[in-house]
Amino acid sequence: MDRALFHLLMMRLRGGIRLRLVQLQSVRGLLFTLAFGGIIWLLVAANSSSPDVGVLTDATLDRRALSTQISTFMPLGMLAMSLLTVALATGPTFHFSPTEINFLFTGPFRRRDLIIYKFSAYVAGVALSSALITPFAQAQTGSALSAFVASLLTLIFVQLNSAVIGMAGQALEGSRLARLRYPLLALLLLAAVATVLYAWAEPDLSIFDLLSEFRHSWIGIIILFPYIVFAELFVAPSLFPNLAVWASIAILINIALLAAVIALDARTTDRALSENARRSNRWERIKQGGSVWASERTEVPSIRRSPILGGLGPIALRQATSAARNSIKIIVVFAGLAACVGPLGVALGVSVTDARAFLAMYIFFGFILPRTLVCDFRGDLSRMEIYKTLPIAPWRICAGQLVVQVLLTYVIALTLIVSIFAFEDGVDTSVALVFAAFALPLTVLVYAIENTIHLLFPTKLVPMGRADFEFLGRSLVEFIAKTIIVLAAAAASAAVGFVTFTTIRTSLVLSGLASWTTLTLIGLLTLVVMQYAFRRFAVAETVD
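These figures come from a predicted structure and were not determined experimentally.

Following the criterion strictly, the structure yields 3 salt bridges and no others. A salt bridge links R112 to D113; the nearest nitrogen and oxygen atoms lie 3.7 Å apart. Between E450 and K482 there is a salt bridge, with its nearest N and O atoms 2.4 Å apart. In this pair, E450 is assigned in helix α18 (residues 429-456) and K482 in helix α19 (residues 469-504), connecting sequence segments 32 residues apart. Of the two residues, E450 and K482, both sit in the buried class. Ionic contacts of the salt-bridge type, sharing partners, join the residues R110, R112 and D113 into one network.

Spelled out as structure tokens, the structure:
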């Protein structure tokens, strides 16, 4: 890398550290740091509190079983993750801001040096993400060092691997090989459907058994070999020589992928420049009030008049209009996915009461849906000055921003509940009604937390390129913080319901009502905190 680019990279690093130190001087910066430190401390304490076990204890056997599952299914998951990243990410491999394009592209730098410069900046971000993942993975790897190394190399591989696949597809556009893309996708989809149907027809054979047989077959080993290397990093029994050998192979693979990225970049430079401009324009449209998937046109004259409702009505109508114009396809897709949960769970043999099913649903409603469907403050950054000057109570403005987002998510949640109720034998009418009742305050709580964090620490909502590790790291921190708050609220609600039941001992209806009321009050209290964050929001702050 050129010395000037290296100097610029060090200046950016020092500037980032200086910015964080300046933020510590404010109340919200100090609170964020304390919350972040508390999360890390809790994770480390949870891992260190587990007692040491012997060689033949149940815990050791469970760890061995977990290692076997990781070695079997992690390569398949990484392959699916890479393909999903290619399918969903339409931007450039490495995003260059307009300022970098104007100054760096016109400078005496080779394209290879610019790629290495940008990759080095991303590695700094992925190092932070790996440090956050380390407390989770330490219980399996056995040491913090092995967990950090495995997480770091794996995250770099996933991004570079998806980048190579995407750039190879761009380089082959217009050639004869590009015509085979859709037939291959149709063949893969047909194979997936056939696998699910075969697993459903054979009661003694699940889809996980079929995936395990494919993973251990010679064809699966050849296809998944690069992914197997990174799976073995997490299950290496010792630092030397096991971890050292697998880490060396992983480093060579990442170097080869980086070289492939540099080679393919020479054939896709024009496409990368146009994608950089499109991604920057997309973020500008989001700041002007559009959603993540907004079209070019975000404002259209309208003759509709909304109910006033103390100032809440026009804000809610504007968000509803924005959702109808820009996010209707996303709403339909998510509602369709929610409707397929019931039959898909029956086909896979996974009950809704299973912990994995609850985790998947929480990730969907707590992370994927809020990040994709944006009809609140996060899409109104360019209008914050107008909102700050409105003669309306701040809580009404906050409520107006939340009402459309909450109702749309609640409709998707109801679709999920109906799907489960129709296909799940263990879910009767009373259980479905309980789910429907508690889904509403939980949705309010999730989006109030989401908007509060965004008002206190505004940031971009979309990753700038496939390797935006800074975006991934921040998203992980926000998700962990949101999860802790939601779990604390759920625990408080359950505790109130349990105390009510043990004190009165009349029926579960009264205790359930007390629990629901507690959760609703916590959601309204979060709305008060959101109002405080709105008051504290500085219009002069820019989000680039």
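So that's the structure; there's more coming.
With that settled, consider the environment of V444. If you trace the backbone, V444 turns up in helix α18. By relative accessible area, V444 is classed as partly exposed at 24%. Taking the C-alpha atoms as reference, V444 lies 9.5 Å from T409; in sequence the two are 35 residues apart. With residues up to four places along the chain from it excluded, the contact list for V444 reads V406 and G523.

What follows concerns the packing of helix α13 (residues 328-339) against helix α17 (residues 394-423). Put simply, α13 and α17 touch, their axes get as near as 7 Å, and they point 25° apart. With respect to α17, the element α13 is oriented roughly parallel. Considering only the axes of α13 and α17, their crossing is right-handed. Seen from α13, the contacting residues are I331, F334, A335, A338 and A339; seen from α17, they are L408, I412, T415, L416 and S419.

As a further point, take a nonpolar patch on the surface. Residues F214, W218, I219, I222 and I223 make up a contiguous nonpolar surface patch of about 540 Å² in total accessible area. Here the element with the most residues in the nonpolar patch is helix α9 (residues 218-235); it accounts for 4 residues. The topology assignment puts W218 in helix α9. Owing to a relative accessible area of 63%, W218 belongs among the exposed residues under this scheme.

This paragraph deals with α18. The end-to-end C-alpha distance of α18, which contains 28 residues, comes to 41 Å, matching closely the 40 Å that a straight helix rising 1.5 Å per residue would cover. The sharpest bend along α18 comes to roughly 30°, located at A439, with the proline P441 sitting one to four residues further on.

The rules behind each value
- Residues numbered from 1 in each chain as written.
- Predicted model: local features only at pLDDT ≥ 70, side-chain atom pairs only at ≥ 80, totals over all residues.
- Heavy atoms only, no water.
- Salt bridge = Lys/Arg side-chain N within 4 Å of Asp/Glu carboxyl O.
- Helix = DSSP H or I, 4+ residues; strand = E, 2+ residues; numbered from the N terminus.
- Buried < 20%, exposed > 50% of the residue type's maximum accessible area, 1.4 Å probe, protein only.
- Contact = heavy atoms within 4.5 Å.
- Axes fitted to C-alpha atoms, helices over the stretch in contact; angles between N-to-C directions.
- Parallel < 35°, antiparallel > 145°, perpendicular 65-115°, else oblique.
- Left-handed = near helix turned anticlockwise from the far one by under 90°.
- Patch = residues over 30% accessible without salt bridge, like charges linked within 9 Å, V, L, I, M, F, W, Y side chains within 5 Å.
- Areas by Shrake-Rupley, 256 points an atom, 1.4 Å probe, with all protein chains shown as cover.
- Expected span 1.5 Å × (residues − 1).
- Bend = angle between axes of the 7 residues up to and from the residue.

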